[in-house]
Amino acid sequence: MKEWAKENPLIITEGRGTFLKDITGKWYIDGVSSIWVTVHGHRKKEIDDAIKCQVDRISHSTLLGLTNPPAATLAGMLVKIAPKGLSRVFYSDNGSTAVEIGLKMAYQFWQHKGKKGKTRFVFLNNSYHGDTLGAVSVGGIELFHNIFSPLLFKSYKIPSPFCYRCEIGKVYPSCRLSCLKEAEKKIRRHHREIAALILEPLMQGAGGMIASPPGYLRGMKRLCSKYNVLMIADEVATGFGRTGKMFACEHEKVSPDILCLAKGITGGYLPLAATLTPERIFRAFLGKYKDLKTFFHGHTYTGNQLACASAIANLNVFKKEKTLQKMQKKIETLNRELGKIEKLKNVGDVRQKGFMVGIELVKDKKTGESYPIEEKISWNVCWKAREKGLIIRPLGNVIVLMPPLSISHHELKNLTRITAEAIKEVTE
Ligand code: PMP
């Protein structure tokens, strides 16, 4: 904080498409979609118009005991595009709350079902599910989470499917997904106490853009079914097209029991989140007034009309512009460009799923030796990129790229060119 406070703040005043403008008039590529939220670019006319139109009617009315047309319409749209079986929508306003709701629902579901002992959760090393204490209890990033450990509830940790730095000392693919076997050992031993397993499908984001090997997600789902454990898929980061499909779960044809959504849901305009469940979970909460079976959880801005109106417009643009189809060629372009970055002297690993990218910088490419924290290596790369007109952010020694889905081929090439230049200038 001391170092940061000495720097000149970058003050953003405007956005357009892939770009952000600062107070001095300089334009930058928004290389991380304003922390993984911007989908169709800044100032997308359809979303701007939807919000303006909604403001002229009403901006907010509570969803506690009432409903409203944008919230109801959006719920129907989400159910249509979500993995099969997810038919009920519970709103909140950010990724952490979507996760808290998922955890609390899973726990209460089993209470209602008479499985009173199912009170614990399984999470992955390197996982990130938000900064509230429930989410931190299932968080696996030492740097962020360790200091809070006395405040957290006990959960079971399983290995991260991190092939570049395999925790169990195996090599992919000859390991035949040994991390799944490790997970099974823990789940088999404790399944009577486990309410749910939570994971970020395909890509562990804040943990360093860690891409799981093919089959891992499906394998996890199989384990959950086998041991009667709910699967909570946290698609807060991966949802709404980031991985090249609407939801990451689709890549392995997995339908989770609980799905957490936020970030890109409004196209990056307003805070909104949703937790989706199938009928079987919804039904467990039904009862007479006096039974008090309801889910006692409600945030003030739940189902906010402006946020829901922008989310509807966001989904309509996906359809109208065939965003996901158009993206496929861009994913290939990005992949080709990343191939060049992978060859750089101090790049140890490049991980990509669609438009989610992590570039891990290493001191020694051969041994994979990490840079010590005091070198602030990735920060320095991001500062260099900023000078060159690109805004990106690091996670430890990993440089994250996550451009808006609307980025053009040309802009993508500029994004990777500047990233490569910045890495070279700082590390070589
Ligand atoms: N889950 C995941 C997978 C995330 O990446 C994030 C945010 N980076 C969150 C939850 C928390 O979201 P929010 O910051 O909106 O609370």
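Computed from a predicted model, the values in this text were never measured in an experiment.

## Re the sheet that holds strand 5 (residues 120–124)
Here is step 1: Strands sit in the order 4-12-11-10-7-5-6 across an open sheet of 7 strands; the sheet is mixed. Looking along the sheet, the strands with just one partner apiece sit at the ends: strand 4 (86–92) and strand 6 (156–158). Averaged over all pairs of adjacent strands, the angle between their axes in this sheet comes to 20°, without regard to strand direction.
Here is step 2: Bridge analysis of strand 5 against strand 6 gives 3 bridges, and the strand direction is parallel. Across the sheet, Val122 pairs through a bridge with Tyr156, a residue of strand 6.

## Digging into the packing of aromatic side chains
Here is step 1: For the structure on display, the rule yields 6 aromatic pairs.
Here is step 2: A centroid spacing of 5.9 Å and a plane angle of 85° characterise the contact between Phe285 and Phe295, whose relative ring orientation is edge-to-face. Within this pair, whereas Phe285 is found in the loop between helix 10 (279–284) and helix 11 (305–320), its partner Phe295 is found in the loop between helix 10 and helix 11, the two being separated by 10 residues in sequence.
Here is step 3: Judged by relative accessible area, Phe285 falls into the buried class, the value being 13%.
Here is step 4: Look at Phe295 and you get buried, because its relative accessible area is 11%.
Here is step 5: One aromatic cluster in this structure is built from Phe90, Phe285 and Phe295.
Here is step 6: The ring of Phe282 carries Arg88 above its face, with NZ or CZ at 3.7 Å from the centroid.
Here is step 7: Lying across the ring of Trp110, Lys118 places its NZ or CZ 4.8 Å from the centre.

## Quick look at helix 11
One turn of the α-helix equals 3.6 residues, which is why residues spaced by three or four share an orientation.
Here is step 1: Along its 16 residues, helix 11 runs 22 Å from first to last C-alpha, staying within 8% of the 22 Å computed at 1.5 Å per residue.
Here is step 2: Summarising burial for helix 11: 13 of the 16 residues are buried, a large majority.
Here is step 3: Sitting at the head of helix 11, Asn304 places a side-chain oxygen 3.1 Å from the backbone nitrogen of Leu306.
Here is step 4: Trailing helix 11 by a residue or two, Lys322 shows a phi angle of about 50°, which is positive.

## Considerations on the side chain of His145
Here is step 1: Here His145 is to be found in helix 7 (residues 142–145).
Here is step 2: In contact with His145, other than residues within four places in its own chain, are Ser127, Tyr128, Gly130, Val136, Gly139, Gly140 and Leu152.

## Details of a nonpolar patch on the surface
Here is step 1: A grouping of Leu133, Ile147, Phe148 and Leu151 is seen on the molecular surface, where their side chains present a nonpolar patch of about 420 Å² in accessible area.
Here is step 2: Looking at where Ile147 falls in the secondary structure, it is placed in the loop between helix 7 and strand 6.
Here is step 3: Residue classification places Ile147 among the exposed positions, given a relative accessible area of 68%.

## Re the state of the cysteines
Here is step 1: Going through the model one piece at a time under the given rule, you end up with 0 disulfides.
Here is step 2: The thiol of Cys166 is unpaired, and the distance to the nearest cysteine sulfur, on Cys175, comes to 6.6 Å.
Here is step 3: Given a relative accessible area of 27%, Cys166 falls into the partly exposed group.
Here is step 4: With no disulfide of its own, Cys179 has Cys175 as its nearest cysteine by sulfur position, at a separation of 6.2 Å.
Here is step 5: We classify Cys179 as buried; its relative accessible area is 11%.

## Concerning the site of the ligand
Here is step 1: Around the ligand, the surrounding shell consists of Trp36, Asn94, Gly95, Ser96, Tyr128, His129, Gly130, Glu200, Asp234, Val236, Ala237 and Lys263.
Here is step 2: Between Ser96 and the ligand, the recorded distance is 2.5 Å, taken from a side-chain N or O atom to an oxygen atom.
Here is step 3: At 2.6 Å from a nitrogen atom of the ligand is found a side-chain nitrogen or oxygen belonging to Asp234.
Here is step 4: Summarising the interface, the protein chains cover 82% of the accessible area of the ligand, which totals 390 Å² for the free molecule.
Here is step 5: When grouped by side-chain class, the residues that make up the shell around the ligand number 4 nonpolar, 5 polar and 3 charged.

## Considerations on the nonpolar core
Here is step 1: By size, the foremost hydrophobic cluster in this structure holds 92 residues, and its most contacted members are Leu78, Leu197, Met220 and Ile359.
Here is step 2: In this structure, Leu197 is in contact with Val122, Ile158, Ile187, Met220, Cys224, Val229, Leu230, Met231 and Ile232, ignoring residues within four places of it in sequence.
Here is step 3: Core analysis: the second largest hydrophobic core is formed by 26 residues, Ala98, Leu103, Leu230 and Ile258 among them.

## Examining the pattern of salt bridges
Here is step 1: In this structure the tally under the stated criterion is 22 salt bridges.
Here is step 2: Its salt-bridge partner being Asp291, residue Lys290 comes within 3.2 Å of it at the nearest N-O pair.
Here is step 3: Taking the relative accessible area as the measure of exposure, Lys290 reaches 65% and is therefore exposed.
Here is step 4: The salt bridge partner of Arg351 is Asp349, with a shortest N-O separation of 2.8 Å.
Here is step 5: A residue is classified by how much of its surface remains accessible, and Arg351, at 6% relative accessible area, is buried.

## Some points on the packing of helix 4 (residues 69–81) against helix 11
Here is step 1: Remark: helix 4 packs on helix 11, axes separated minimally by 8 Å, with the N-to-C direction vectors making an angle of 40°. The two elements helix 4 and helix 11 meet at a crossing, and its hand is left-handed. Here Pro69, Pro70, Ala71, Thr73, Leu74, Met77, Leu78 and Ile81 of helix 4 come into contact with helix 11, specifically with Gln305, Cys308, Ala309, Ala311, Ile312, Leu315 and Asn316.
Here is step 2: Among the residues forming the contact of helix 4 with helix 11, the class breakdown is 12 nonpolar, 3 polar and no charged.

## Observations regarding a positive patch on the surface
Here is step 1: Together, Arg218, Arg222, Lys245 and Lys253 line one region of the surface with positive charge.
Here is step 2: Residue position: Arg218 is located in helix 9 (residues 216–226).

## Brief notes about the pairing of strand 11 (residues 258–261)
Here is step 1: Of the two faces of strand 11, the one carrying Ile258 and Cys260 and the one carrying Leu259 and Leu261 are both buried.
Here is step 2: Pairing geometry for strand 10 (residues 230–234) and strand 11, over 3 bridges, is parallel. Counted as the bridge partner of Ala233 is Leu259 from strand 11.
Here is step 3: In the sheet, strand 11 pairs with strand 12 (residues 273–278) via 3 bridges, with the strands oriented antiparallel. Directly across from Leu259, in strand 12, lies its bridge partner Leu276.

Criteria and thresholds
Residues numbered from 1 in each chain as written. Predicted model: local features only at pLDDT ≥ 70, side-chain atom pairs only at ≥ 80, totals over all residues. Heavy atoms only, no water. Pairing = 2+ DSSP bridges. Helix = DSSP H or I, 4+ residues; strand = E, 2+ residues; numbered from the N terminus. Axes fitted to C-alpha atoms, helices over the stretch in contact; angles between N-to-C directions. Phe/Tyr/Trp six-rings, centres within 6.5 Å; stacked < 30°, edge-to-face > 60°. Buried < 20%, exposed > 50% of the residue type's maximum accessible area, 1.4 Å probe, protein only. Lys NZ or Arg CZ within 6 Å of the ring centre and 35° of its normal. Expected span 1.5 Å × (residues − 1). Polar contact = N/O pair within 3.5 Å; in protein donor to acceptor, adjacent residues only side chain to side chain. Contact = heavy atoms within 4.5 Å. Patch = residues over 30% accessible without salt bridge, like charges linked within 9 Å, V, L, I, M, F, W, Y side chains within 5 Å. Areas by Shrake-Rupley, 256 points an atom, 1.4 Å probe, with all protein chains shown as cover. Salt bridge = Lys/Arg side-chain N within 4 Å of Asp/Glu carboxyl O. Disulfide = S-S within 2.5 Å. Near = heavy atom within 4 Å. Nonpolar A, V, L, I, M, F, W, Y, C, P; charged D, E, K, R; others polar. Core = buried A, V, L, I, M, F, W, Y, C linked by side-chain atoms within 4.5 Å. Left-handed = near helix turned anticlockwise from the far one by under 90°. Lys, Arg positive; Asp, Glu negative; His and termini not counted. Charge placed at Lys NZ, Arg CZ, Asp CG, Glu CD.

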